[in-house]
Amino acid sequence: VGHCHPDVVKAAHEQNQLLNTNSRYLHDNLVDYAERLSQTLPEKLCIFYFLNSGSEANDLALRLARQYTRHEDVIVLDHAYHGHLTSLIDISPYKFRNLEGQKEWVHVAPVPDTFRGLYREDHEDSATAYADEVKNIIEHAHKRGRKIAAFFVESLPSVGGQIIPPAGYFQKVAQHVHKAGGVFIADEIQVGFGRVGKHFWAFQLQGEDFIPDIVTMGKPIGNGHPLACVATTKEIAEAFAATGVEYFNTFGGNPVSCAIGLAVLDVIEKEQLQAHATEVGNFLMKLLKEQQIKHPIIGDVRGCGLFIGVDLIKDQAE
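Reading the values: the criteria
- Residues numbered from 1 in each chain as written.
- Predicted model: local features only at pLDDT ≥ 70, side-chain atom pairs only at ≥ 80, totals over all residues.
- Heavy atoms only, no water.
- Pairing = 2+ DSSP bridges.
- Helix = DSSP H or I, 4+ residues; strand = E, 2+ residues; numbered from the N terminus.
- Axes fitted to C-alpha atoms, helices over the stretch in contact; angles between N-to-C directions.
- Contact = heavy atoms within 4.5 Å.
- Patch = residues over 30% accessible without salt bridge, like charges linked within 9 Å, V, L, I, M, F, W, Y side chains within 5 Å.
- Areas by Shrake-Rupley, 256 points an atom, 1.4 Å probe, with all protein chains shown as cover.
- Salt bridge = Lys/Arg side-chain N within 4 Å of Asp/Glu carboxyl O.
- Buried < 20%, exposed > 50% of the residue type's maximum accessible area, 1.4 Å probe, protein only.
- Core = buried A, V, L, I, M, F, W, Y, C linked by side-chain atoms within 4.5 Å.
- Domains from an automatic or database assignment.
- Buried area = accessible area lost by both parts, 1.4 Å probe.
- Polar contact = N/O pair within 3.5 Å; in protein donor to acceptor, adjacent residues only side chain to side chain.

With that settled, consider the sheet that holds strand β2 (residues 73-77). Across the sheet, which stays open at both edges, the 7 strands sit in the order β1-β7-β6-β5-β4-β2-β3 with mixed pairing between neighbours. Each edge of the open sheet carries a strand with a single partner, namely β1 (47-51) and β3 (106-109). If you compare each strand with its neighbour and ignore which way they point, the axes differ by 20° on average. Inspection of the sheet shows strand β5 (residues 183-187) paired to strand β6 (residues 214-217) by 3 bridges, in the parallel sense. Among the inter-strand pairings, aspartate 187 is bridged to a residue of β6, identified as threonine 216. Packed on one face of the sheet, helix α6 (residues 126-143) meets β2, β3 and β4 (148-154) and runs near 155° to β3. Docked against the sheet, helix α7 (residues 169-179) engages β2, β4 and β5, running at close to 140° with respect to β5.

Structure, rendered in structure tokens:
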């Protein structure tokens with residue numbers, strides 16, 4: 001919402017002057033903020049855990065998935081990056097390929113990239129073809145006695161090259177993953193909060209019939225303040241609580257963080273930033289496509305709202 005947005009700065013300052021405690025102490029801001037966030041999400045995603053960073057959120061999502069499914073294995077997309085904790089380096093091909101390599105419980109699916117990937121624009125049904133790659137991974141894992149806990153994906157792969165997955169891909173993948181007893185985790189840490197313009201969450205680009213089992217949030221959620229969130233279903237949260245080991249985060253969901261989170265949502269709404277992302281994004285895409293006609297080095301211009309990629313190439317034919 002912009003550097004040092006006055007409304008966000010004011011909310012932080014005013015709450016700081018009143019009270020800032022850890023979240024063992026009850027405070028209205030926590031409940032008010034959870035209620036406001038819930039209004040942006042499908043009804044089924046109604047339980048919220050508040051944390052300090054996207055990495056913390058993704059680590060918790062992994063724990064929730066494993067506790068709920070009682071399975072261990074995770075399917076991720078190639079080139080993915082999900083955070084800097086050890087648990088997340090393990091599911092980030094972008095990182096682990098330069099470090100200790102791929103763990104046996106990690107499975108890497110091809111990025112659903114219709115420009116450079118296995119199945120391109122000219123394919124009759126790239127969404128099904130890419131989803132079948134995930135299905136094949138699951139079948140291969142089962143033959144080895146492995147069980148899938150989660151398909152873990154950025155709603156729009158960013159580090160992998162600003163990829164816009166073909167419509168219907170998530171629905172088809174979710175069918176395969178659910179059939180295997182796993183859950184679908186949508187990482188919205190870079191792409192959520194209206195960045196894609198027409199929707200508040202990037203996973204909504206896949207259609208109204210698609211709802212992830214877990215959604216993680218970070219980065220824009222606090223406009224630079226350390227704030228993050230995991231949203232999930234009652235069933236998953238109850239399985240997690242059944243261990244008797246409650247989730248506690250000293251600073252996650254403190255009154256100041258929640259005041260800031262509320263102010264960010266207010267600004268997005270008041271300043272119509274979703275419409276702004278759509279308008280500015282469309283304008284930028286139009287200009288980039290004009291450049292594409294002039295310059296053979298530009299192979300592809302793609303994006304949605306203010307999530308835009310320009311793919312530079314050496315050879316048009318190849």
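What follows is about a nonpolar patch on the surface. A cluster of nonpolar side chains, contributed by Val280, Leu284 and Leu306, occupies part of the molecular surface with about 200 Å² of accessible area. Classification of leucine 284 as partly exposed rests on a relative accessible area of 37%.

It is worth spelling out the pattern of salt bridges at this point. This structure, assessed with the given rule, holds 16 salt bridges. Across the pair lysine 103 and aspartate 90 runs a salt bridge, and its minimum N-O distance is 3.1 Å. Placement of the pair is lysine 103 in the loop between α5 (93-96) and β3 and aspartate 90 in the loop between α4 (86-89) and α5, with a sequence separation of 13 residues. Lysine 103 gets classed as partly exposed once you look at its relative accessible area, which sits at 27%.

As a further point, take the nonpolar core. In terms of nonpolar packing, the biggest core is built from 53 residues, with Leu37, Phe151, Tyr169 and Met217 touching the most fellow members. The element that contributes the greatest number of residues to this core is helix α9 (residues 255-270), accounting for 9 residues. Beyond its immediate sequence surroundings of up to four residues, tyrosine 169 is in contact with Leu77, Pro110, Pro112, Ala127, Tyr130, Ala131, Val134, Phe151 and Gln206. The next biggest cluster of nonpolar side chains, apart from the first, holds 25 residues, and it includes Leu51, Ala57, Val74 and Ala237.

The domain boundaries assigned to the chain delineate domain 1 (7-271) and domain 2 (276-312). Measuring from the centre of the C-alpha atoms in domain 1 to the corresponding centre in domain 2 gives 26 Å. Of the residues lining the interface, 17 residues belong to domain 1; the matching set on domain 2 comes to 14 residues. Of the roughly 1,200 Å² buried between domain 1 and domain 2 on both sides combined, carbon and sulfur atoms contribute 59%. Taken as a group, Phe115, Gln162 and Arg195 account for 44% of the area that domain 1 buries against domain 2, more than any other trio of residues on that side. Remark: the boundary between domain 1 and domain 2 carries 1 salt bridge. Taken together, the links from domain 1 to domain 2 amount to 8 residue pairs in polar contact (both at pLDDT 80 or more).

The backbone phi angle of lysine 219 is positive, close to 40°, even though this residue is not glycine. Its place among the elements puts lysine 219 in the loop between β6 and β7 (228-232). Look at lysine 219 and you get exposed, because its relative accessible area is 51%. In this structure, glutamine 272 takes a positive phi of about 50° despite not being glycine. Considering the arrangement of structural elements, one finds glutamine 272 in the loop between α9 and α10 (273-294).

Further remarks concern the environment of glutamine 190. Of note, glutamine 190 is situated in the loop between β5 and β6. In the structure, glutamine 190 is positioned 26 residues away from threonine 216 in sequence and 9.9 Å away in space, judged by C-alpha atoms. Sequence-distant contacts of glutamine 190, that is, excluding residues within four places in its chain, are made with Glu154, Ser158, Val159, Arg195 and Lys219. Of note is the side chain of glutamine 190, whose polar atom sits 3.1 Å from the side chain of serine 158.

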